[in-house]
Amino acid sequence: MLTPPEWPAWALYTFVGVAAFTLCIGLVQFLRDSHRHQHGKNGNGHCHGEIRPSGSAEPEFRAFQRRYLSVYAIIMMADWFQGTNMYT
């Protein structure tokens, strides 16, 4: 059987408060986005505020996106590996 951790009261209240706040913010964003998508579509199926690369700019953007995300993933992985040595 699972037993809950023995946390101090202040830590438990802080965790529950931050989790509730995060859940509320996520719910507000979800409702706002779903409302925009239901009521804000124009003739071509995209939302009015949505900006998308088109024509000749799209392949260049996709190449930049792949290059950026690959460097970002390498940096995050290196930071994750280094973090294990900080507390030992």
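Everything numeric in this text was worked out from a predicted model, so none of it was measured.

Participant: What's the story with the overall build of the chain in this structure? I'm lost.
Facilitator: Counting secondary structure elements, the chain contains 2 helices and 0 strands. When each of the 88 residues of the chain is scored for burial, the buried share is 3%. Within the structure as shown, the chain displays about 8400 Å² of accessible surface, and the carbon and sulfur contribution to it stands at 67%.

Participant: Is there a simple way to explain a nonpolar patch on the surface in this structure?
Facilitator: A cluster of nonpolar residues, Phe61, Phe64, Tyr68, Leu69, Val71, Tyr72, Ile74, Ile75 and Met76, forms a patch on the protein surface that exposes about 900 Å² of accessible area. Residue placement: Tyr68 occurs in helix 2 (residues 57-86).

Participant: Any chance you could explain the packing of aromatic side chains here in plain terms?
Facilitator: Aromatic ring pairs are described here by two measures, namely the spacing of the ring centres and the angle between the planes. With the rule as written, the count across this model stands at 4 aromatic pairs. Three or more aromatic residues joined by ring pairs make a cluster, and in this case those are Phe64, Tyr68 and Tyr72.

Participant: Explanation requested: the pattern of salt bridges in the structure shown.
Facilitator: Pairs can form between side chains of opposite charge whenever their charged atoms are close. Tallied over the full model, the rule gives 2 salt bridges. The partner of Arg32 in a salt bridge is Asp33, with the nearest N and O atoms 3.8 Å apart. Notably, a salt bridge pairs Glu58 with Arg62, separated by 3.7 Å at the nearest N-O pair. Placement of the pair is Glu58 and Arg62 together in helix 2, with a separation of 4 residues, close to one helical turn. Looking at Glu58, the relative accessible area reads 27%, which means it is partly exposed. Residue classification places Arg62 among the partly exposed residues on the basis of a relative accessible area of 33%.

Scoring rules and cut-offs
- Residues numbered from 1 in each chain as written.
- Predicted model: local features only at pLDDT ≥ 70, side-chain atom pairs only at ≥ 80, totals over all residues.
- Heavy atoms only, no water.
- Helix = DSSP H or I, 4+ residues; strand = E, 2+ residues; numbered from the N terminus.
- Buried < 20%, exposed > 50% of the residue type's maximum accessible area, 1.4 Å probe, protein only.
- Areas by Shrake-Rupley, 256 points an atom, 1.4 Å probe, with all protein chains shown as cover.
- Patch = residues over 30% accessible without salt bridge, like charges linked within 9 Å, V, L, I, M, F, W, Y side chains within 5 Å.
- Salt bridge = Lys/Arg side-chain N within 4 Å of Asp/Glu carboxyl O.
- Phe/Tyr/Trp six-rings, centres within 6.5 Å; stacked < 30°, edge-to-face > 60°.

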